[in-house]
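# Chain and residue survey
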Amino acid sequence: MAIAEFLPNEYGYVVLVLVFYCFLNLWMGAQVGSARKRYNVPYPTLYAVESENKDAKLFNCVQRGHQNSLEMMPMYFILMILGGMQHPCICTALGLLYNVTRFFYFKGYSTGDPMKRLTIGKYGFLGLLGLMICTISFGVTLIRG
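What counts, and at which threshold
- Residues numbered from 1 in each chain as written.
- Predicted model: local features only at pLDDT ≥ 70, side-chain atom pairs only at ≥ 80, totals over all residues.
- Heavy atoms only, no water.
- Helix = DSSP H or I, 4+ residues; strand = E, 2+ residues; numbered from the N terminus.
- Buried < 20%, exposed > 50% of the residue type's maximum accessible area, 1.4 Å probe, protein only.
- Contact = heavy atoms within 4.5 Å.
- Polar contact = N/O pair within 3.5 Å; in protein donor to acceptor, adjacent residues only side chain to side chain.
- Salt bridge = Lys/Arg side-chain N within 4 Å of Asp/Glu carboxyl O.
- UniProt positions renumbered as here; feature names shortened; annotations may be inferred.
- 1 Å grid on protein atoms, 1.4 Å probe; cavity = no way out; pocket = protein on both sides within 12 Å on 5 of 7 lines; lining within 4 Å.
- Points joined across faces, edges and corners; volume = space filled by probe spheres on them.
- Nonpolar A, V, L, I, M, F, W, Y, C, P; charged D, E, K, R; others polar.
- Axes fitted to C-alpha atoms, helices over the stretch in contact; angles between N-to-C directions.
- Parallel < 35°, antiparallel > 145°, perpendicular 65-115°, else oblique.

You'll find the protein chain entered in an unreviewed UniProt entry as Glutathione S-transferase 3, mitochondrial, with Arabis alpina given as the organism.

Put into structure tokens, the structure is as follows:
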């Protein structure tokens, strides 16, 4: 395949880590669907209103955990895709760190206590920072030719 000639063999790990995140995202979405049933929040309501639903905060925390992951996904994906072209092994490790911390971020948020999202979830930003550095390195390498 022509594209494979330009990418390091280890880039396959980057691809697999991104697919792993897709499965994590699908799982989080299923958790929101379950929370909709459990807390009686029908579609298309995005967030429950506390004056109308006694479980609004619990549902909203589950919803927010997933929503935040969706908000971060484009940045994470582009940093993995670009940074991984030059640093596939480092980006794979950083991506795995990010994926694992996202899981704990979501699980902590889903307890109904938003501060619990940060117990392990806060370390995800270290993964993103590392990915930014790898992507900057790739950009500088391209400029220097």
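## Structural notes on the overall build of the protein chain
Along its length, the protein chain carries five helices and zero strands. Starting at the N terminus and walking to the C terminus, you meet the elements of the protein chain as α-α-α-α-α. Projected onto its principal axes, the C-alpha positions of the protein chain cover 60 × 30 × 20 Å. In the protein chain, buried positions account for 40% of the 145 residues.

## Quick notes on the environment of Arg64
Topologically, Arg64 is positioned in helix H2 (residues 56-86). Expressed as a C-alpha distance, the spacing of Arg64 and Leu7, which sit 57 residues apart in the sequence, is 36 Å. Setting aside residues no more than four positions away along its own chain, Arg64 makes contact with Tyr47, Glu71 and Tyr109. Of the polar contacts made by the side chain of Arg64, one reaches the side chain of Glu71; its length is 3.0 Å.

## Considering the pattern of salt bridges
Pairing between side chains of opposite charge can happen when their charged atoms approach one another. Per the counting criterion, the structure on display carries two salt bridges. Note that Glu71 is salt-bridged to Arg64, the shortest N-O span being 3.0 Å. For Glu71, a relative accessible area of 42% gives the class partly exposed. According to the relative accessible area criterion, Arg64 is partly exposed, its value standing at 23%.

## Re the UniProt feature "transmembrane region" (unreviewed entry) in the protein chain
The residues that UniProt annotates with the feature "transmembrane region" (unreviewed entry) are residues 12-30, 76-100 and 120-143. Taken end to end, residues 76-100 comprises 96% helix and 0% strand; its first and last C-alpha atoms sit 13 Å apart. In this annotation, residues 120-143 is assigned 92% helix and 0% strand; the end-to-end C-alpha distance for the span is 37 Å.

## As for empty space enclosed by the protein
Following the criterion strictly, the structure yields one cavity of 30 Å³ or more and no others. Reported here for the largest cavity is a volume of approximately 40 Å³. Elements that contribute at least two residues to the lining of the largest cavity include exactly helix H3 (88-109) and helix H5 (124-144). Here the residues of the lining of the largest cavity are counted per class, giving four nonpolar, three polar and one charged.

## Some words on the environment of Gly127
The residue Gly127 is located in helix H5 in this model. Looking at Gly127, the relative accessible area reads 0%, which means it is buried. For the pair formed by Gly127 and Arg102, sequence separation is 25 residues and the distance between their alpha carbons is 11 Å. The residues touching Gly127, leaving out its near neighbours within four places in the chain, are Leu94 and Leu97.

## Describing the packing of helix H1 (residues 11-39) against H2
The geometry of H1 relative to H2 is characterised by a closest axis approach of 10 Å and an angle of 170 degrees between their N-to-C directions. In terms of orientation, H1 and H2 fall into the roughly antiparallel class. Here the residues of the contact of H1 with H2 are counted per class, giving 20 nonpolar, eight polar and one charged.

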